[in-house]
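# A closer look at the structure
Spelled out from the first residue to the last, the chains are:
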Amino acid sequence: SEVATMMDVSVTQVISACMSLGMMVTMNQRLDAETLSIVAEEFGYEVEFTTADVEETVEEVQENPEDLETRAPIVTVMGHVDHGKTSLLDYVRKENVIAGESGGITQHIGAYGVKLDNGQKIAFLDTPGHEAFTAMRARGAQVTDIAIIVIAADDDVMPQTKEAISHAQAAGVPIIFAINKSDLPTANPEKIKEKLAAMDLLVEDWGGKIQSHDISAKTGMGVKELLEKVLLEAEILELKANPNKLAKGTVVEAFLDKGRGYVATILVQAGTLKVGDYVLAGRHSGKVKAMHDERGKEVKEAGPSTPVSILGLDGAPQAGDTFKVMEDEREAKDIAARRTQLQREQNVRTQRHITLDEIGRRIALGDFKELNIILKGDVDGSVEALTDSFQKLSTEEIQVNIIHKGVGAITESDVLLASASDAIIIGFNVRPAGNARMVADKEEIDIRTYSIIYDAINDLKDAMEGMLSPEL
Ligand code: GDP
């Protein structure tokens, strides 16, 4: 069935192809390399077995629990524009100069680490906002452990606040609310908490489980306590990594520096990166010539949850690309070259996203249990009505999840969320705005727009009924 999905043909066709070769197979059976090649040829495909695939599968080997050590949480700050994301990041950056070390954070390298008085550490991603967060996720990287969602107490739970919440939830990342601008006389944190409660997001003071803290990113009030709550959340998550192995992690940003060559900021997620290690990062590779922390200080080693900027790559990988240390330099170069080639042949995309037409086929393959939908509409009433009707279409076999809903045009950020969460987008009396259509085409995201509620429900119902009666 996997092969069928890859070739976009039905399982039945693959099974009959095997039968014509004299092989009786079932849908879940694994085929050997030779059979795979012959069957693929029948459908006009050529099979290429790459070591990259092998290597990436082997990667998932279970870690021995004894080798794992607690690591610092990695945090992203999100929220509505002007609610104080940058101010919070700046405050933490300035105030949390590592105890006993001179010199504050001078460099912007895309991420930084802070140490609290008690010695515990937190790593912050320095590009605020859920777009950056989800763009990374769409590239397959999950870096963030905890999301701080900033809400200005003199304002309201705004559309982008709701977006940020949906994006964090879709990623399964726990949220801590920072109710900001509490220094203002017009601040009303209780109103914000009440609004959140109305959205089924109960914060602690309201008897719920979600942590929240009133802060001022301007005066610094409450920021320390907020960070303590981050550590508390991290404790619950039991974040661990094995520091004693070859490093791997994610690229945060990269650029070409005239004097120094390619500079990439990476976040080590497991293992320890050392100067002299040979690194494969996305489509690039190279030997780590030097490493610097966010204070511009040279470092020799970087363990789990540590951001460092490295010199020595032969190009600039993209944010969200994974990196790993390779034992064999030639193998690293080979994989990088093969990835470049694959990129050139980009028409053969590895990741296809769900479309309404495809739902029936995917469910017939038996691996599709949840249909994720992003719903945008012109007014609250229709969005709520459609949410209700869509959710009612859930059956025992297929769960319909509205992972994000909102009033307004379909945005690029909706498309990124769809790409990261394999969702389809349904617009009611709204259309894609700005770059949304272009990005959707590139990411192969299905956007359906309707102006009659009945049509939207019926289309989805038909698609789902296709799900329930597999064509075998
Ligand atoms: P962002 O768009 O979410 O990154 O928001 P900024 O950090 O740029 O903040 C927007 C504006 O709100 C700026 O003018 C900040 O000075 C102001 N601001 C941010 N936090 C606070 C706060 O805690 N109290 C007050 N009074 N103003 C703040």
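Quantities reported herein were computed from a predicted structural model and do not represent experimental measurements.

### Side note on the sheet that holds strand 21 (residues 423-428)
Taken in spatial order, the four strands line up as 20-19-21-22 in an open sheet, and their pairing is parallel. Each edge of the open sheet is held by one strand with a lone partner, namely strand 20 (399-407) and strand 22 (447-450). This sheet shows a mean twist of 25 degrees between the axes of neighbouring strands, independent of strand direction. When strand 21 meets strand 22, the two strands line up parallel, connected through four bridges. Looking across to strand 22, one finds that Ile-426 is bridged to Arg-448. Helix 12 (residues 380-392) contacts strand 19 (370-377), strand 20 and strand 21 of the sheet and is inclined by roughly 175 degrees relative to strand 20.

### Description of unusual backbone geometry
Despite not being glycine, Lys-181 has its phi angle at roughly 60 degrees, a positive value. Relative to the elements of secondary structure, Lys-181 occurs in the loop between strand 6 (175-180) and helix 8 (189-198). On the basis of relative accessible area, Lys-181 is assigned to the partly exposed category, the value being 23%. Backbone geometry places Glu-238, a non-glycine residue, at a positive phi of 50 degrees. In this fold, Glu-238 is placed in the loop between helix 9 (223-237) and strand 8 (240-241). A relative accessible area of 57% places Glu-238 in the exposed class.

### Description of the sheet that holds strand 5 (residues 146-152)
Paired through their backbone hydrogen bonds, the strands of a sheet run either parallel or antiparallel. With mixed pairing, the six strands of this open sheet are ordered in space as 3-4-2-5-6-7. With partners counted over all chains shown, the strands left at the sheet margins are strand 3 (111-115) and strand 7 (211-214), one partner each. Within the sheet, the average angular offset between the axes of one strand and its neighbour, ignoring direction, is 25 degrees. Note: strand 2 (residues 74-79) against strand 4 (residues 121-125), two bridges, orientation parallel. Residue pairing in the sheet places Val-75 in a bridge with Phe-124 of strand 4. In the packing of helix 9 onto the sheet, contacts are made with strand 2, strand 4, strand 5, strand 6 and strand 7, and the angle to strand 7 comes to roughly 170 degrees.

Rules behind the numbers
- Residues numbered from 1 in each chain as written.
- Predicted model: local features only at pLDDT ≥ 70, side-chain atom pairs only at ≥ 80, totals over all residues.
- Heavy atoms only, no water.
- Pairing = 2+ DSSP bridges.
- Helix = DSSP H or I, 4+ residues; strand = E, 2+ residues; numbered from the N terminus.
- Axes fitted to C-alpha atoms, helices over the stretch in contact; angles between N-to-C directions.
- Contact = heavy atoms within 4.5 Å.
- Buried < 20%, exposed > 50% of the residue type's maximum accessible area, 1.4 Å probe, protein only.

Honestly, it's all geometry; don't read function into it.
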